[in-house]
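So the chains spell out like this:
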Amino acid sequence: GLSWLAMPATRPIQLHELSLGGLAFTSPYPMEVGRTASVRGTLGDEALSCPIRVCWTRPKQILPGRSGYEVGAVFLPLDDASRRALEVFLKLSPAE
């Protein structure tokens, strides 16, 4: 599914890696290390909205002639619904 980054403007991102601890994604826009933002999207049938803090960023070619940034971030404390959606999606917990 499509994921969005709110920081306060909403921008589309391409998710590459996802774990209970955080995520990596590609963005056409740079992000400063330490910046906080919110990632919104869907995991399976569940809506997800998670606060994140950027840990690293590096330039990356997205398409020929188009550059962007690969970004790694950790989740800040998640609410119960978001944590559960993440666990089910990652198959760490059975669906109800």
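Residues numbered from 1 in each chain as written. Predicted model: local features only at pLDDT ≥ 70, side-chain atom pairs only at ≥ 80, totals over all residues. Heavy atoms only, no water.

S.K.: Before we move on, could you go through the confidence of the model for the protein and cite the residues and values that matter?
M.R.: Of the residues in the protein, 86% have a pLDDT of 70 or more, and the chain-wide mean is 85. Here strand E1 (residues 3-6) is the element of the protein with the lowest mean pLDDT, 64, and strand E3 (residues 22-27) is the one with the highest, 93. (pLDDT = per-residue confidence, 0-100. Helix = DSSP H or I, 4+ residues; strand = E, 2+ residues; numbered from the N terminus.)

S.K.: Residues and numbers for the environment of Leu90, please.
M.R.: The topology assignment puts Leu90 in the segment after helix H1 (80-89). For Leu90, a relative accessible area of 26% gives the class partly exposed. The sequence separation of Leu90 and Leu18 amounts to 72 residues, and the corresponding C-alpha distance is 8.3 Å. In this view, Leu90 contacts Leu18, Ser19 and Leu20; residues no more than four positions away in its chain are not counted. (Buried < 20%, exposed > 50% of the residue type's maximum accessible area, 1.4 Å probe, protein only. Contact = heavy atoms within 4.5 Å.)

S.K.: Run through H1, naming residues and quoting values.
M.R.: Among the residues making up H1, those that are buried are Ser82, Ala85 and Leu86. For H1, the angular spread of buried residues about the axis comes to 100°, placing them on one side. Those residues of H1 that are exposed and aimed more than 90 degrees away from the buried face are Asp80 and Ala81. In this structure, the buried side of H1 is in contact with strand E2 (10-18), strand E4 (36-43), strand E5 (46-63) and strand E6 (66-75). Where H1 begins, the capping side chain belongs to Asp79, and its oxygen is found 3.2 Å from the backbone nitrogen of Ala81. In the segment just after H1, Lys91 is the residue with positive phi, at about 60°. (Arc of directions from axis to C-beta. Polar contact = N/O pair within 3.5 Å; in protein donor to acceptor, adjacent residues only side chain to side chain.)

S.K.: A description of the pattern of salt bridges should follow, citing residues and the corresponding values.
M.R.: All chains considered together, the criterion is met by two salt bridges. The salt bridge partner of Arg58 is Glu70, with a shortest N-O separation of 3.1 Å. Remark: Glu70 occurs in strand E6 and Arg58 occurs in strand E5; sequence separation between them is twelve residues. Classification of Glu70 as buried rests on a relative accessible area of 14%. (Salt bridge = Lys/Arg side-chain N within 4 Å of Asp/Glu carboxyl O.)

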